[in-house]
Structure formats: C-alpha cells, structure tokens
Amino acid sequence: MSENASLHADVLVLGAGPGGYTAAFRAADLGKKVVLVERYPTLGGVCLNVGCIPSKALLHSAQIIHETAESANTGVRFAPPEIDLDKVRDHKNKVVKTLTMGLAAMARQRGVTVIQGLGRFVTDRSLAVSSAEGERTVTFDHAIIAVGSQPVKIPGFPHDDPRLIDSTGALELADIPARLLIVGGGIIGLEMATIYHALGSAITVVELMDQLIPGCDADLVKPLHQRVKKWYENIHLKTRVTRIEARAEGLEVFFEGEGAPASAVFDKVLVAVGRRPNGLGIGAEQAGVQVDERGFIPVDRQQRTNVPHIFAIGDVVGNPMLAHKATHEAKVAAEVIAGHKSAFQALTIPSVAYTDPELAWMGLTETQARAQGIAVETATFPWAASGRALGIGRREGLTKIIVDPETHRILGAGMVGPNAGELIGEAVLALEMGADVADIALTIHPHPTLSETFAFAAEMVEGTITDLYLKK
C-alpha cells in the first residue's frame, strides 16, 4: 500500500462490530459505495469475536453440565463429565470463525470495501488508516462512527499480571483456575461465573451495589441469587476491592465491605465492572465531532453527531451497550444518509443475562417506576404453578408484568428462568404494539409452555386467572 494511496467512499464506516457491519451492509443495499474500516483482522467486533457469541457457545456447554447433574433428581443419572478443554475451546472458536467468515463473504457480495487498520480522522471529510503496510487515506461524503467500547480497568490493579483478566481474557479459556474471583456482579461477570463454575472453578463474586445485576428489579434477581449462592464459594455485596497484590501462590485481594474477609488469595481475578466507550481515540476533534469527557459521542434521534454528515452508533453513543441496540441504530443512520425518513423510535431495548437461570427484562422496571413517581400495577406469576416448569425441574422462575393501573397498557415485563431471553421477545412486541393485558390474556398460548406464563401474568391483572387462586 503506498503512502498516498487514497480511496473515496459515499459512506465510510469506522468499526465493524454488529453496529458497524450492519450500517455498512444497509448502506450498500441502499446503493451507496461503502468503505468499512476495522482495526482487527476479522469483522464482527467485540460481540462476535470476544463477547456475545463465544460466551453463548460456552454457556451452552455450562447448561449441559448443569442439566446432566440435576437430571439425577428425575431418576436419570450421568457420570461426571470429562472436560476436554481444548475441544471446548475449539467449538467456541469454530462458532466464531463461521460467523466472521460469513460476514466477510457478505461484505464481498455487497461490494463493501474492507480495510484493516487503525482509523483516525484527519478532517471532517477524511480518515487516515494505519496498518503494518503503511498509511492510507479514505475520503468520504458521510461517515458512521461505530468504534464500540472496551472493558474498564481499575487504576492500581496489577494489569500486567496474566492472572488478572478481563472478559476477553476469560473467553480465551486458557485454563480453569481452582479459585476465581469475579469483580463485578453484573451481566458479564455472572455469565463468566456460570461458565467457569460449570467447568470446575470455585467462584467468588464481589459487587459494590446491594444486589447482583444492579438495574434489574430485586424480585427477579432473587431466584438467580438463591440458586448461585448454593454453587459459589462466596457472594459479597456492598463490597469493594481496595487493592490486589501479586504473590507467587496467587493474587492476594483486599476487601472493604460487610461480611467480606480482609483479604483472600485467588488463582485468577476477572474484572468485569463495566465498559467504557472508545470515542476519545479516533481523532474526532480533527473532524469537529463533539465527544464528552467519558468518550461518549452525543447524537440525535437520526444518529447524527454535531457534524451533520457524520453519524455515530452503538456503545460509543451511550448506554445500554448492547449489540441489538447498535444494529437498530445502524439501520437508522444508513437510511437517513440514503435520504429515507428514519429515526430511532424504539420504545424499549430488552436486556438479557444468559445466566442459569436466565434473566430478561424490558420497558419500565418497578424500581424505575418508584424512582420516577409513576403509578403502576404489577402481577407476578410463579413458575412453581407452571406444568412445563415443573416438568423440567425448574420451579424457581417468575414472570412479572408491569401495567398502567388505569388503562392496563403494558409498560414493562421481566422474567427469570430457563429461556427467559427467548421469552422476553413477546413482551417487547406487546409494548411496541401498544398492547394491554387483555390483548395478551385473550391470545391463546400453547400449553404446556413457559411462554404461557406471560399470558397467566396478564390474566392475573385481568382477574381471569384459573391456574392460581387469588383472594378477591
């Protein structure tokens, strides 16, 4: 690649994660000449390479381990599993490779030019792409920034010690530590706990807030907490890690909080305290694009930054940092650039923790309603009254529905139990379509299923439930 090699794009997309590749493909489908710049060798970003996809492949293995262990309760016993770590890792890598190769093929089919290298804005119409082969300039009419986020690092921790890892390091699955500390009891931390516990690690989770998965309603988190506290060595809430010191025998971790020990030694420590946006490392100031001190790029409902022909999507524009939010925003940006009347108008963005049990919620939470002074009516159907849940030996689940007390319109919903992530989709659709509980209660759901628990919760609000006895 020559020093001065240049290329012009109708639409330049910086970053090829779920948001970036979706934006590039949608813009190409709308007739635009697209250049997609990605710093890593494969497309797909964090999600496909070192996030959502590999974690779900490993969580599937964890689920099988848990189910076979618990099937003894039904009279079907399996021998303890033999874990071939190399094969587990290979399966995860094959899933990732299949999807990333598929993206590369779709980029070729659509005529999207992919350039590998680190992109930085030079002006509001040009980007310099640096790679081992030199530097290349891409000029553009429009740009979409989709540079994502990275794990938060806690200052003072020994980050150069290989025994201190982030989610990327955890998914490499280099080994199974005998004792693993997970700093952060959010979704990422608890998904990693699910995987490593199933594979044989003794797990300790430390969380600064007063519950696991802060932000989700406490009644939905409770069944998950009660299940995992039987499995894990320790769960320390309202506790912080004050420092970590490297020792020959492991990492000595010092704690501050209720019920936590002064210190303990772990073979590995996973830091999963959140992610920070990558907006500060792309030369945005050279293009005149506003970036706040944390690295977020403010945008309007059409995903426009303060520079009208430059757009931004995904983690870099704000929370929640979720792939499905990024892909939705990506299509909006590409369509606006192509002259379509498009805007981000989603009423809710669902959240899912792929733990065991899974936890999923959408719309208004009960906690948010209280904080905002919004009057709501709630109904919670216990899976202990679900024939399907009892049949699979999982009675701990709940399905909760949150409605307007006057109109009975659905404002939010949450579920905890196996496949909650699959079940939440109906609730999202109901909210987007403006459904009330009668719409759900009068929709015939298949029986016996977990999906009918959403209808049962609606019937509880309606007062028509026969699968439970509710006092008048």
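Preceding block: the structure.
Cut-offs applied
- Residues numbered from 1 in each chain as written.
- Predicted model: local features only at pLDDT ≥ 70, side-chain atom pairs only at ≥ 80, totals over all residues.
- Heavy atoms only, no water.
- Helix = DSSP H or I, 4+ residues; strand = E, 2+ residues; numbered from the N terminus.
- Expected span 1.5 Å × (residues − 1).
- Buried < 20%, exposed > 50% of the residue type's maximum accessible area, 1.4 Å probe, protein only.
- Arc of directions from axis to C-beta.
- Disulfide = S-S within 2.5 Å.
- Salt bridge = Lys/Arg side-chain N within 4 Å of Asp/Glu carboxyl O.
- Pairing = 2+ DSSP bridges.
- Axes fitted to C-alpha atoms, helices over the stretch in contact; angles between N-to-C directions.
- Contact = heavy atoms within 4.5 Å.

(A) Structural context of helix α11 (residues 420–432). Taking 1.5 Å of rise per residue, the 13 residues of α11 would be expected to cover 18 Å, and the 19 Å separating its terminal C-alpha atoms lies within 8% of that figure. Within the sequence span of α11, burial applies to Ala-420, Leu-423, Ile-424, Ala-427, Val-428, Ala-430 and Leu-431. Projected down its long axis, α11 shows its buried positions confined to an angular sector of 160°, all on one face. Across α11 from its buried face, at more than 90 degrees, point the exposed residues Glu-422 and Leu-429. Positioned one or two residues after α11, Gly-434 has a phi angle of 70°, which is positive.

(B) Geometry of the state of the cysteines. One pass over the full model with this rule turns up one disulfide. The disulfide partner of Cys-47 is Cys-52, and the S-S distance across this bridge is 2.5 Å. Classification of the bridge connecting Cys-47 and Cys-52 rests on its S-S torsion, roughly -135°, and on that basis the disulfide is left-handed. Exposure remark for Cys-52: the relative accessible area of 29% places this residue in the partly exposed category.

(C) Structural view of the pattern of salt bridges. Going through the model one piece at a time under the given rule, you end up with 21 salt bridges. A salt bridge links Lys-238 to Glu-258, with the shortest nitrogen-to-oxygen separation between them at 3.5 Å. Of this pair, Lys-238 sits in the loop between β11 (234–236) and β12 (239–247) while Glu-258 sits in the loop between β13 (250–257) and β14 (263–266); the two residues are 20 residues apart in sequence, bridging distant segments of the chain. Judged by relative accessible area, Lys-238 falls into the partly exposed class, the value being 42%. Glu-252 is the partner of Arg-247 in a salt bridge, and the nearest nitrogen-oxygen pair spans 2.8 Å. One network of salt bridges, with partners in common, ties together Glu-70, Arg-227, Asp-356, Arg-394 and Glu-396.

(D) Here's a closer look at the sheet that holds strand β20 (residues 377–382). Sheet architecture is open: five strands sit in the order β18-β19-β22-β21-β20, paired in antiparallel fashion. Taken across any chain shown, the strands that pair with only one partner, and hence form the sheet edges, are β18 (351–353) and β20. Adjacent strand axes in the sheet meet at a mean angle of 10° when their direction is disregarded. Bridge analysis of strand β19 (residues 358–363) against strand β22 (residues 410–417) gives six bridges, and the strand direction is antiparallel. Within β22, the position partnered with Trp-361 by the bridge is Gly-414. Here α11 sits on the sheet in contact with β18, β19 and β22, set at roughly 10° to β19.

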